[in-house]
Structure formats: C-alpha cells, structure tokens
Amino acid sequence: MTTMRSKIEELLKKVEEFKPKDFTEIEDFRIKILGKKGELASLFEEFKGVSADMKKELGQKINLLKNTAIDKINELKNSLESVETVSSENIDMTRPGSNETIGTRHPISLVKNEITEIFSRLGFTTAEGPEIEDDWHVFSALNFPPEHPARDMQDTFFIEKNPDILLRTHTSSIQVRTMQSQKPPIRVVCPGRVFRNEAISYRAHCIFHQVEGLYIDEKVSFADLKQTILYFAKEMFGEASRIRMRPSYFPFTEPSAEVDVSCNLCGGKGCNVCKHTGWLEIMGCGMVDPNVLDACGIDSKKYSGFAFGMGVERISMLKYGVRDLRLYFENDLRFLQQFEFIV
Ligand code: DAH
C-alpha cells in the first residue's frame, strides 16, 4: 500500500502548491481533483480494497487531502472574488473625468469672427472671394492708375507665365466682385487672406489677413461711415474708445481717411504701444470713388457708399497686446493656447 500512500502525498503536495492565474484555472483544478471522476474519487475507489490494518492510517490521509483540497479551492475562489469587488468598489463615480485636450481657436480666427460678428449686428453680411485674382479685380476696377506702385513687382506676387494673374494684395477685390453680383443696397464685410512681397519682420508678413467693408445705398454719407467705425471701435476695444480720422489717399475712395482708435492700453495717456501718441492706427476708409461704382456696374449718380479695410493681425495685436506679428504664423502652442478654449 505504499503506492497509495505516495499517491495521496503527491496529490496533497500538488494541492498545496497550486497557484492559479484566474477563476477558470481554479474551476478546472476543482473538477480534476474533487469532481465525480476526479483523482480523489479514484483514490476512494482504490481505498475500498485497502487491507484492514492500513484503513485507519490511509483513511485519515485521504480525508485530510480531501479537506485540504476543499479549503484551498474555497480560499482561492474567495480571494479572487474579493480582489474583483475591491477593484470595482475603488471606482469613484463622483470623481470628475480627465479632460481631453482639444484645440484652441487661432487668435486670427477669433478676431476675424469678432469683426464680422460686430458688423453683422449692423446688418452686414459676409462675402468671400478667390485668393488668386486677376489684375482687374485687384487694381483696375479699383481705380489704380496703370503706373501705381502697388502693381509693382516688389509688392505683388504675380504668376510668372501670366502677369494678369496674381495673388490678391488686399480684400478690396471682394468688394468689386460683390458690386458686380449684387444690386444696392449692399452691406457686406469681406474677410480673407492677402499676399504681399514683403520682408518678414515683427510688424510685416508676406501673408496676412484683412477684413474689407462696403456699404452702398442712396444718400450714404461720410457721417454714416464715421458712426459705423465708431460703433465698431467701441464694440472691439471697449465703450470708452474714441476715434479720429486723418485725411489720406486711396485710389478707390474719395475722400479717404486713416482711422485711429484711442489707445486701449493707456487709455490715451501715452505708452510704448501707441508710441506716446495715445492713438493706434486701425484701418483705412473713405467714400467709394464714383469711378469704382461705374466700373462695377453701379450708377454713381444714384448711389453712393463707403468702404473700409483693416488688418486682422493688427487688430489682434492691439486687442491682445501681442508685440510680434510673426507669432501668429509659427504655430507655437505656448502662444496659441493663451487664447479661447473651444468648449
Ligand atoms: N485696401 C487697403 C489696403 O490694403 C485698405 C483699405 C483702405 C480698404 C481704404 C478700403 C478703404 O476699402 O476704403 O491697404
């Protein structure tokens, strides 16, 4: 009967050393040892034939093995269950979720949207136009004389094979397209990207953004222009803002003016940003030249209008106190993330 004793001892060792990885392994082990056709069952079967003098000793051993196996399996099952319940109890359902970082809107888009939104409150709709233009829409229709320096190779990117095709240097080309396709009254703002052959510096770039404005109707006056610009300045830079207009020249407006807004950083007292003048230049404007109206198919005897154009980078720099225009083009997240978060 030594073989039976050693079988029992071997199995006991196996039970004691059993280290399952998961629940199914425990269950498989249980069936293999304690199941109806398991190893213990066959040991009990064998036990029936054991001689009377060995029965006591081997009987105790088998019972010990059986109890050890049952205890071990129960213990293993309990410990796995408690790990599972502890881990699900550990989830704190009231804890705020971790935030996914999503992008931020570019400051140029923010300011462009704000400009068009301010004018939309005055009934201006938005129009866009092509970045690759022809000479007529960018210059000729806007009353630029053929020898005007803006047509010069130094300013304008022309397409080499066809100098009639160029990258628009201003969004005023969209006012031409709008006048060609719409009948007055016209109230429109035209945002867009423009291109000039300029050296890149803290205050200039070869690509930048403008918003053009155009208002055409019967009896539109310079007073309407001034009031519209004043409204815009107050909405963009704060209620306390004042404006002043200085005479200027643009081929497409007569009279023409440059608009300054009181410096929103020093309140007009004078600081570095306004170069101690108290004023910041924000746009050009004027009454649409009758030549332009006629070139675009609008009767200049019946209708008059005003136009204005501003640089989005410039407005954004003044609004946010940005000192270097190149920051807008460098895609440095440390800069871009300082603006609005999209929620
Ligand atoms: N197109 C001009 C520029 O790029 C800006 C401008 C000035 C537009 C006066 C206008 C205007 O409509 O009336 O510098």
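What comes next concerns the included structure.

Thresholds applied
- Residues numbered from 1 in each chain as written.
- Predicted model: local features only at pLDDT ≥ 70, side-chain atom pairs only at ≥ 80, totals over all residues.
- Heavy atoms only, no water.
- Near = heavy atom within 4 Å.
- Polar contact = N/O pair within 3.5 Å; in protein donor to acceptor, adjacent residues only side chain to side chain.
- Areas by Shrake-Rupley, 256 points an atom, 1.4 Å probe, with all protein chains shown as cover.
- Helix = DSSP H or I, 4+ residues; strand = E, 2+ residues; numbered from the N terminus.
- Nonpolar A, V, L, I, M, F, W, Y, C, P; charged D, E, K, R; others polar.
- Salt bridge = Lys/Arg side-chain N within 4 Å of Asp/Glu carboxyl O.
- Buried < 20%, exposed > 50% of the residue type's maximum accessible area, 1.4 Å probe, protein only.
- Phe/Tyr/Trp six-rings, centres within 6.5 Å; stacked < 30°, edge-to-face > 60°.
- Lys NZ or Arg CZ within 6 Å of the ring centre and 35° of its normal.

Some words on the site of the ligand
In step 1: Close to the ligand lie 15 residues, the nearest being H170, S172, R196, Q210 and E212.
In step 2: S172 places a polar side-chain atom, nitrogen or oxygen, 3.0 Å from a nitrogen atom of the ligand.
In step 3: When the free accessible area of the ligand is taken as 350 Å², the share hidden by the protein chains comes to 89%.
In step 4: Of all the secondary-structure elements, those providing two or more residues to the shell around the ligand are α7 (172-181), β6 (207-217), β9 (279-288) and β10 (304-311).
In step 5: Across the shell around the ligand, the residue classes tally to five nonpolar, eight polar and two charged.

What to know about the environment of N63
In step 1: With respect to the secondary-structure elements, N63 resides in helix α4 (residues 52-89).
In step 2: Note: C-alpha distance between N63 and D22 (41 residues apart in sequence) is 27 Å.

Describing the pattern of salt bridges
In step 1: Counting across every chain of the model gives 21 salt bridges.
In step 2: The partner of E9 in a salt bridge is K61, with the nearest N and O atoms 3.8 Å apart. Taken together, the residues span a long stretch of sequence, with E9 in helix α1 (residues 2-17) and K61 in helix α4 at a distance of 52 residues.
In step 3: Here E9 falls in the partly exposed class, since its relative accessible area comes to 41%.
In step 4: For E131, the salt bridge is made with R193, and the minimal N-O distance between the two is 3.1 Å. Highlighted residues: E131 in the loop between β1 (125-126) and β2 (132-134) and R193 in strand β5 (residues 186-195), separated in sequence by 62 residues.
In step 5: In this structure E131 comes out as partly exposed when scored by relative accessible area, which is 28%.
In step 6: On the basis of relative accessibility, which here comes to 35%, the residue R193 falls in the partly exposed class.
In step 7: Taken together, the shared-partner salt bridges in this structure form one network comprising R244, R246, D260 and E281.

Some points on the packing of aromatic side chains
In step 1: In this structure the tally under the stated criterion is 14 aromatic pairs.
In step 2: For the ring pair Y320 and F339, a centre distance of 4.8 Å and an interplane angle of 75° mean the geometry is edge-to-face. Linking Y320 in helix α10 (residues 312-320) with F339 in the segment after α11 (333-336), this pair joins segments that are 19 residues apart in sequence.
In step 3: Classification of Y320 by relative accessible area gives partly exposed; the value is 35%.
In step 4: What links up through ring pairs into an aromatic cluster is the set F119, F124, Y215, F232, F306 and F308.
In step 5: Above the face of the F47 ring, K55 is positioned so that its terminal group lies 5.5 Å from the ring centre.

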